[in-house]
Amino acid sequence: MPLHFELVTPEKLYRSDDVYMVVVPGMDGDFGVLEGHSPMMSTLRNDAALEIYKTQGATPERLMIAGGFAEVNAGGLTVLAERVEA
Amino acid sequence: MASLKALKMRINSVKSTQKITKAMKMVAAAKLRRATEAAEASRPYAERLEAVVSSIASKVSVGPQSPKLLAGSGKNDVHLFVVATSDKGLAGAFNTNIVRLARRQAEALKAEGKTVKFYTIGKKGRDQLSRTFRSDIIHSIEPGDLGKLSFADVQNWGEDLTARFEAGEFDVAHLFFSKFENVLTQTPTQIQLMPVAVAADAGDMVGLSASVEYEPDEEEILAELLPRNVTIQLLRANRENAASEQGSKMTAMDNATRNAGDMINKLTIQYNRTRQAAITTELIEIIAGAEAL
């Protein structure tokens, strides 16, 4: 089952995708989000990498984000970020 | 009666004015499309952030330790009006409508004995407000082209405002801008910027259950998100303004083009009449001369 992942910046909806897993740089440490993760909210570290695993075992895509906030709910993972750099 | 030559010159000058207003209308139409796209693109972020902030805020009990942006300063004496307008005119009543709303609210608050300060964004707003409230304007910003405004620009203003709020320069901040409904309708709007207004039923609205985990915890997340919410509100207001400005400009220029057209018709009729009168006079002269022989 894929995880629905959205990355939103103030300028636009940066990414809306179904992926396998996303590793999120939380304020209290990194955490991986897979499909069916329990609901949570966390602020994110500045200038840390968000790792997106398209499929299981794939090479992760890394996006540097700043001013971020992550929300996991039944609908998937939403990351709000002020800045995103590929 | 004006001479034929003077009339011809008038017609030509009105014609070139019409060309300019027509071009401006088309430019505004193109910019309007881009501005509405930008306004729509920034909507998902603003909506999510607002939902999250309200849902957390409704769970946290307001106490002396809670962030000032949520709890407020406990007073209601000094109001700050953040009036967002544009730098350029020629957009109908766009700027005037925003300023008029702000002025009316300011006068109502002053009548209650409160202090009102102004923080203006846009040259036009500053110029119009300084006629009556010159000494109350504490800061003004010239944003340049509203359509090209980036998040980083607005972020600085947001941080400045938050710092002023923390320093106790004012108790309540209101934001004035023009909401873009459609090309014909733009409504001047007032929202409360600081402290954050929390909708009472926000928690149920987003459907967040009580089992949500918070990292680090609610308070800290809130402290982080509230200043960001201020910035986002500012950005949204300016995006709405950008679209409203272009919409208003388009309507104004369309009217101007039509007026110029009417004017050209009127002048052309006058020109033709004058020309005919001149010919008639000449004919009468010739006939009178022939009869006299």
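Residues numbered from 1 in each chain as written. Chains lettered and ligands numbered in written order. Predicted model: local features only at pLDDT ≥ 70, side-chain atom pairs only at ≥ 80, totals over all residues. Heavy atoms only, no water.

*Asks:* I'm lost on the layout of surface pockets in this one. Help?
*Replies:* To find leftover empty space, a probe the size of one water molecule is rolled over the atoms. All names here are of chain B. Looking at the second largest pocket, its volume works out to about 260 Å³. Forming the boundary of the second largest pocket are 13 residues, of which R34, A35, L146, G147 and K148 lie nearest the centre. For the lining of the second largest pocket, the secondary-structure elements that each account for two or more residues are α1 (4-41) and α8 (218-292). Among the residues forming the lining of the second largest pocket, the class breakdown is five nonpolar, two polar and six charged. (1 Å grid on protein atoms, 1.4 Å probe; cavity = no way out; pocket = protein on both sides within 12 Å on 5 of 7 lines; lining within 4 Å. Points joined across faces, edges and corners; volume = space filled by probe spheres on them. Helix = DSSP H or I, 4+ residues; strand = E, 2+ residues; numbered from the N terminus. Nonpolar A, V, L, I, M, F, W, Y, C, P; charged D, E, K, R; others polar.)

*Asks:* Help me understand the nonpolar core, please; the structure alone is not making it clear to me.
*Replies:* Among soluble globular proteins, nonpolar side chains are generally buried collectively. Formed by 54 residues in total, the largest nonpolar core has its most connected members in B:V82 and B:M194. Here the element with the most residues in this core is α8(B); it accounts for 12 residues. Counting residues in each nonpolar core, the second largest holds 20 residues, with A:L3, A:L44, A:L50 and A:I65 among its members. (Core = buried A, V, L, I, M, F, W, Y, C linked by side-chain atoms within 4.5 Å. Buried < 20%, exposed > 50% of the residue type's maximum accessible area, 1.4 Å probe, protein only.)

*Asks:* Looking at this structure, I do not really get the packing of aromatic side chains. What am I missing?
*Replies:* What characterises a pair of aromatic rings is the spacing of the ring centres plus the angle enclosed by the ring planes. Residue and element names in this part refer to chain B. Counted by the stated rule, this structure contains four aromatic pairs over all chains. Measuring from centroid to centroid gives 5.7 Å for F81 and F118, while their planes differ by 85 degrees, and the two rings are edge-to-face. Pair noted here: F81 is in strand β1 (residues 78-84) and F118 is in strand β2 (residues 115-121), with a separation of 37 residues, a long-range link. Considered together, F81 and F118 belong to a single accessibility category, that of buried residues. Both rings, one in F165 and one in F170, keep their centres 5.5 Å apart while their planes meet at 45 degrees; by these two values the pair is tilted. (Phe/Tyr/Trp six-rings, centres within 6.5 Å; stacked < 30°, edge-to-face > 60°.)

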